[in-house]
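# Reading the structure
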Amino acid sequence: RVVMGGCRELLRVLQEQRPRKLFKYLYELPNYGVGRRFTRVIWKHESVSEGEDRWGDPTSYWTITKVKPDGNLKSGEVWGVRTWKGQCEDRERIIGTHGKKHWKIIPKELEDVCKTD
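Read on for a plain summary of the structure. (Residues numbered from 1 in each chain as written. Predicted model: local features only at pLDDT ≥ 70, side-chain atom pairs only at ≥ 80, totals over all residues. Heavy atoms only, no water.)

Counting its regular elements, the chain contains two helices and eight strands. Taken from the N to the C terminus, the helices and strands of the chain come in the order β-α-α-β-β-β-β-β-β-β. In the chain, buried positions account for 42% of the 117 residues. A fraction of 63% describes how many contacts in the chain between residues 6 or more apart in sequence connect residues 24 or more apart. Surface summary for the chain: the accessible area is close to 6,800 Å², and the carbon and sulfur share equals 48%. (Helix = DSSP H or I, 4+ residues; strand = E, 2+ residues; numbered from the N terminus. Buried < 20%, exposed > 50% of the residue type's maximum accessible area, 1.4 Å probe, protein only. Contact = heavy atoms within 4.5 Å. Areas by Shrake-Rupley, 256 points an atom, 1.4 Å probe, with all protein chains shown as cover.)

Further remarks concern the environment of W79. Here W79 shows up in strand β4 (residues 76-84). Sequence spacing of W79 and K68 is 11 residues, and the spatial spacing of their C-alpha atoms is 8.7 Å. Sequence-distant contacts of W79, defined by excluding residues within four places in its chain, comprise T63, I64, T65, K66, V67, K68, E92, R93, I94 and I95.

This brings us to the pattern of salt bridges. A complete count under the given rule lists five salt bridges for this structure. Linked by salt bridges that have partners in common, R82, E89 and R93 make up one network. (Salt bridge = Lys/Arg side-chain N within 4 Å of Asp/Glu carboxyl O.)

Centre distance and the angle of the planes are the two values used to describe a pair of aromatic rings. The final tally for this structure, using the stated rule, is three aromatic pairs. Aromatic pair F23 and Y27: ring centres 5.1 Å apart, planes at 40°, arrangement tilted. Here F23 falls in the buried class, since its relative accessible area comes to 2%. Taking the centre distance of 5.4 Å and the plane angle of 55° together, the rings of Y25 and F38 count as tilted. (Phe/Tyr/Trp six-rings, centres within 6.5 Å; stacked < 30°, edge-to-face > 60°.)

Let us now look at the pairing of strand β2 (residues 37-40). The side chains of a regular strand alternate between the sheet's two faces. Covered by surrounding structure in β2 are R37 and T39 together with F38 and R40, the residues of both alternating faces. Sheet analysis places β2 next to strand β3 (residues 61-69), joined by two bridges and oriented antiparallel. Considered in β3, the bridge of R37 is made with T63. As paired elements, β2 and strand β7 (residues 103-105) share three bridges and run antiparallel to each other. When the bridges of β7 are listed, R40 appears paired with W103. (Pairing = 2+ DSSP bridges.)

Below is the structure:
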């Protein structure tokens, strides 16, 4: 079960963001975004009604652990740990969909507002 509280604020922030390719974010962030969390707009939060725009699901996200950029600053390899519906996987793995234009960054100050219990 998700405890909503600040989760509504995070959903509002995600709604306002325009989806981008993951590397567009990573190249702008210190240390290529290692430690930051990203969700995908195709992951729909349970509080979003059918027919509404997809905003991303703040309880499902990747935490970036390693980035190996290529020379042209447009792509490369990205590793992370996936959290799905509040359940964190126990291993790092490569993120194969980083080239898709459906990523949104979870703002650092709102990373922990959606708790599961």
